[in-house]
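In case you want the letters, here they are:
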Protein chains: 2
Amino acid sequence: MTNYIIDKLYNRVEERGVVCVGLDTALSYIPDHIKEGRTDSEAIFEFNKQIIDATWDVSACFKVQIAYYEALGLEGLIAYKKTLDYLRDKGEIIIADIKRGDIAATATMYAKAHFDGDFEADFITLSPYMGMDSIEPYLPYLEKGSKGVFSLVRTSNPGAEDIEYLDTTGDKKVYEVVADKITEMGKNYTGSCGYTAIGGVIGCTHVEEGKKIRSNYSNMFFLIPGYGAQGGKAEDVALYLNNGNGGVVNSSRGILLAYKKENREKEFALCAREEAIKMRDAIREAVKNI
Amino acid sequence: MTNYIIDKLYNRVEERGVVCVGLDTALSYIPDHIKEGRTDSEAIFEFNKQIIDATWDVSACFKVQIAYYEALGLEGLIAYKKTLDYLRDKGEIIIADIKRGDIAATATMYAKAHFDGDFEADFITLSPYMGMDSIEPYLPYLEKGSKGVFSLVRTSNPGAEDIEYLDTTGDKKVYEVVADKITEMGKNYTGSCGYTAIGGVIGCTHVEEGKKIRSNYSNMFFLIPGYGAQGGKAEDVALYLNNGNGGVVNSSRGILLAYKKENREKEFALCAREEAIKMRDAIREAVKNI
């Protein structure tokens, strides 16, 4: 039986809770004492390293948002690579939030880029606008068991109404068509935990929709963004989980910038840890109260 | 009056024809004599440079597909940057085919990455799945006039049926909803040529649809992929243009690998030029015959 990465992620959630630490590291987030005497690239990596060291044992995984690194060009991507290398060496699970969406030879190149070589991650996020052939080129990696993807499905930004939320003549919303298709495609890559290696990015919206999405897509592992800074609450998030598993909940600024609330710049990593624990426990509590 | 980049592109099409040279440069495309004595990064750049030098005066612009460079990690991205720098220094118009699709702070980071700094391009491609707030963060750059975007609208891959081609209850297909929205959004960024700085990626499909899309979206500039290697023909492409303008037609492998048809490895750049001219003239002829 294939040993799927999704099982590893599931087990991490069992052991450490649902928190996914988002390393969306902007230069402006980094305290001065970390910046001093370091290049931008070094400062970003040092900041990430201290955050990772302070949070790994209370987090299921780390999501690295590549846009923040691309914004700094080659220097930024050196820090991106070093961060992924550090996470991999520690045995941590990496979700590369790249939202690539292309087909055929181009998608094969993205697969090579982010499942192999300098920018290797365990999971990547994908955008399905061009259709299922924008997911297929990644399947050979899923087949081997070592990699997984999260397709955008239903996000919680206002613009989600524009496309994802359109009603189709087939009595489904666009996002439901996407969810159905990735569920079908994912069946061949189901781990022993019952979830498939093709997960979905599902933003927290409102109670009724949360319940419906969770029960309709019981084999889909969710990457749930938007906790904290973007307004998601523990009670809402709990509805998107199955007994506290079946998904990870990302917080980026909420964790990285926890130190700013109390002016504890020197203790930014400790503040991140405290925030991650608080978040983990709040969601655990909310899950109990469902 | 703002001097829009879309006017520059329009004028280039008037002067040089509709060909967009796609620099989707895989290592396997590069002849041995270029590879010899060079690192991968140097070989890619040298190949691109010779293609650019041989085709710029018969092409409207260059589309650089970042996936091919990402696939080689940092080395690849050094070649990507050098290629963009070279194009910019020559005054050529660059479309960075990145198909990024994210929102808010993340999209702002992508804008910084690809409209500024190391990876600066004139146009970028975007994926609209998350909605119009995945396009909005780029608008401040469009406002200044110097930058433009192409949103995915209707592509010609089989998977386009999965989402883009779904019928919505509003009597429009998903791609038509997208096209309507970007048309509306683009109005504020209309150049003196009549086209807006928010173009659309429109694949060649079939005659009737081509005519309909062209007439429904008369102010949208089209980026038309799929010529040659992917099966698009001059007669089809001509229908997506307005009197031979209003769009650029991309060919990547068709041009880069033209030398393979005749085993003229040493003359790969000349073969690329011949192919670009052949393509330009075939489309010009087809436009006359509409």
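Residues numbered from 1 in each chain as written. Chains lettered and ligands numbered in written order. Predicted model: local features only at pLDDT ≥ 70, side-chain atom pairs only at ≥ 80, totals over all residues. Heavy atoms only, no water.

Caption draft 1: Seen up close, the pattern of salt bridges. All names here are of chain B. Tallied over the full model, the rule gives 58 salt bridges over all chains. The salt bridge partner of lysine 172 is aspartate 180, with a shortest N-O separation of 3.2 Å. A relative accessible area of 33% places lysine 172 in the partly exposed class. In this structure aspartate 180 comes out as partly exposed when scored by relative accessible area, which is 29%. (Salt bridge = Lys/Arg side-chain N within 4 Å of Asp/Glu carboxyl O. Buried < 20%, exposed > 50% of the residue type's maximum accessible area, 1.4 Å probe, protein only.)

Caption draft 2: Quick peek at the pairing of strand 5 (residues 148-154) of chain A. Residues and elements named next belong to chain A. Of all seven residues that make up strand 5, seven are buried, and the element is covered over most of its length. Relative to strand 5, strand 4 (residues 123-126) runs parallel, the two sharing four bridges. Bridge pairing links isoleucine 124 to valine 149 in strand 5. One ladder, built from five bridges, connects strand 5 with strand 6 (residues 198-202); its direction is parallel. When the bridges of strand 6 are listed, leucine 152 appears paired with valine 201. The parallel pair strand 5 and strand 6, bridged by helix 8 (residues 174-186), forms a crossover whose chirality is right-handed. (Helix = DSSP H or I, 4+ residues; strand = E, 2+ residues; numbered from the N terminus. Pairing = 2+ DSSP bridges. Right-handed = clockwise from strand over helix to strand, strands pointing away.)

Caption draft 3: Spotlight on the interface of chain A and chain B. With 56 residues of chain A in contact, the opposing surface of chain B contributes 56 residues. Between chain A and chain B, the buried area comes to about 4600 Å², and carbon and sulfur atoms account for 62% of it. One can count six salt bridges joining chain A with chain B. One salt bridge connects Arg100(A) with Glu70(B), and the closest N-O pair in it is separated by 3.0 Å. Taken together, chain A and chain B are joined by 25 residue pairs in polar contact (both at pLDDT 80 or more). When residues of the side of chain A that touches chain B are traced back to their parent elements, those giving at least two are helix 4 (66-70), helix 5 (73-90), strand 3 (94-100), helix 6 (104-115), strand 5 and helix 8 of chain A. It is helix 6 of chain A that provides the largest number of residues to the side of chain A that touches chain B, a total of seven residues. Partitioning the side of chain A that touches chain B into residue classes produces 30 nonpolar, 12 polar and 14 charged. (Contact = heavy atoms within 4.5 Å. Buried area = accessible area lost by both parts, 1.4 Å probe. Polar contact = N/O pair within 3.5 Å; in protein donor to acceptor, adjacent residues only side chain to side chain. Nonpolar A, V, L, I, M, F, W, Y, C, P; charged D, E, K, R; others polar.)

Caption draft 4: How the structure looks around the UniProt feature "active site" (unreviewed entry) in chain A. Under the feature "active site" (unreviewed entry), the UniProt entry names Lys99(A). Inspection of the secondary structure assignment puts Lys99(A) in strand 3. If we ignore the near neighbours within four places in the chain, the residues touching Lys99(A) are Gln65(A), Thr125(A), Leu126(A), Ser127(A), Leu152(A), Lys99(B), Gly101(B), Asp102(B) and Met130(B). (UniProt positions renumbered as here; feature names shortened; annotations may be inferred.)

Caption draft 5: Representation of helix 6 of chain A in the model. Residues and elements named next belong to chain A. The end-to-end C-alpha separation of helix 6 is 16 Å, in line with the 16 Å expected for 12 residues at 1.5 Å each. Restricting attention to buried positions, one finds in helix 6 the residues Thr106, Ala107, Met109, Tyr110, Ala111, Ala113, His114 and Phe115. Looking one or two residues past helix 6, glycine 117 carries a phi angle of roughly 70°, positive in sign. (Expected span 1.5 Å × (residues − 1).)

Caption draft 6: Quick peek at the sheet that holds strand 4 (residues 123-126) of chain B. Residue and element names in this part refer to chain B. With respect to topology, eight strands assemble into a closed barrel ordered 1-2-3-4-5-6-7-8, the strand pairing being parallel. The sheet shows a mean angle of 30° between the axes of neighbouring strands, direction not considered. Taken strand by strand, helix 13 (residues 268-288) contacts strand 1 (19-22) and strand 8 (247-251), and its axis lies near 140° from that of strand 8. (Axes fitted to C-alpha atoms, helices over the stretch in contact; angles between N-to-C directions.)

Caption draft 7: The arrangement of the sheet that holds strand 3 of chain A in detail. The eight strands lie next to each other as 1-2-3-4-5-6-7-8 (chain A), forming a closed barrel whose pairing is parallel. For this sheet the average axis-to-axis angle between neighbouring strands, irrespective of direction, equals 30°.

Caption draft 8: Geometry of the packing of aromatic side chains. Scanning all chains against the criterion turns up 24 aromatic pairs over all chains. Ring geometry for Tyr10(B) and Tyr195(B): centres 6.0 Å apart, planes at 35°, overall tilted. Here Tyr195(B) lies in the loop between helix 8 (174-186) and strand 6 (198-202) and Tyr10(B) lies in helix 1 (residues 5-16), a separation of 185 residues in the sequence. Classification of Tyr10(B) as partly exposed rests on a relative accessible area of 22%. Given the relative accessible area of 6%, Tyr195(B) is considered buried. Put simply, the rings of Tyr10(A), Phe123(A), Phe150(A), Tyr195(A) and Phe221(A) touch in pairs and so form one group of aromatic residues. Arg214(A) extends its terminal NZ or CZ atom over the ring of Phe222(A), reaching a point 3.9 Å from the ring centre. (Phe/Tyr/Trp six-rings, centres within 6.5 Å; stacked < 30°, edge-to-face > 60°. Lys NZ or Arg CZ within 6 Å of the ring centre and 35° of its normal.)

Caption draft 9: A look at empty space enclosed by the protein. Going through the model one piece at a time under the given rule, you end up with one cavity of 30 Å³ or more. In terms of lining, the largest cavity is formed by Ile66(A), Glu70(A), Leu77(A), Arg100(A), Phe119(A), Ile66(B), Glu70(B), Leu77(B), Arg100(B), His114(B) and Phe119(B). Residues belonging to the lining of the largest cavity are distributed by class as follows: six nonpolar, one polar and four charged. (1 Å grid on protein atoms, 1.4 Å probe; cavity = no way out; pocket = protein on both sides within 12 Å on 5 of 7 lines; lining within 4 Å. Points joined across faces, edges and corners; volume = space filled by probe spheres on them.)

Caption draft 10: The pairing of strand 6 of chain B, seen in detail. All names here are of chain B. Of all five residues in strand 6, five are buried; the element is thus mostly enclosed. Every second residue of strand 6 is oriented toward a common face, with Ile198, Gly200 and Ile202 on one face and Gly199 and Val201 on the other, all of them buried. Direction of pairing for strand 6 relative to strand 7 (residues 222-224): parallel, over a ladder of two bridges. Residue pairing across strands places glycine 200 opposite phenylalanine 222, the latter belonging to strand 7. What joins strand 6 to strand 7 is helix 9 (residues 207-216), and the crossover it makes is right-handed.

Caption draft 11: The side chain of Asp97(B), seen in detail. Inspection of the secondary structure puts Asp97(B) in strand 3 (residues 94-100). Within polar-contact distance, the side chain of Asp97(B) engages the side chain of Lys63(B) at 2.7 Å. Beyond its immediate sequence surroundings of up to four residues, Asp97(B) is in contact with Tyr110(A), Lys63(B), Val64(B), Gln65(B), Ile66(B) and Thr125(B).

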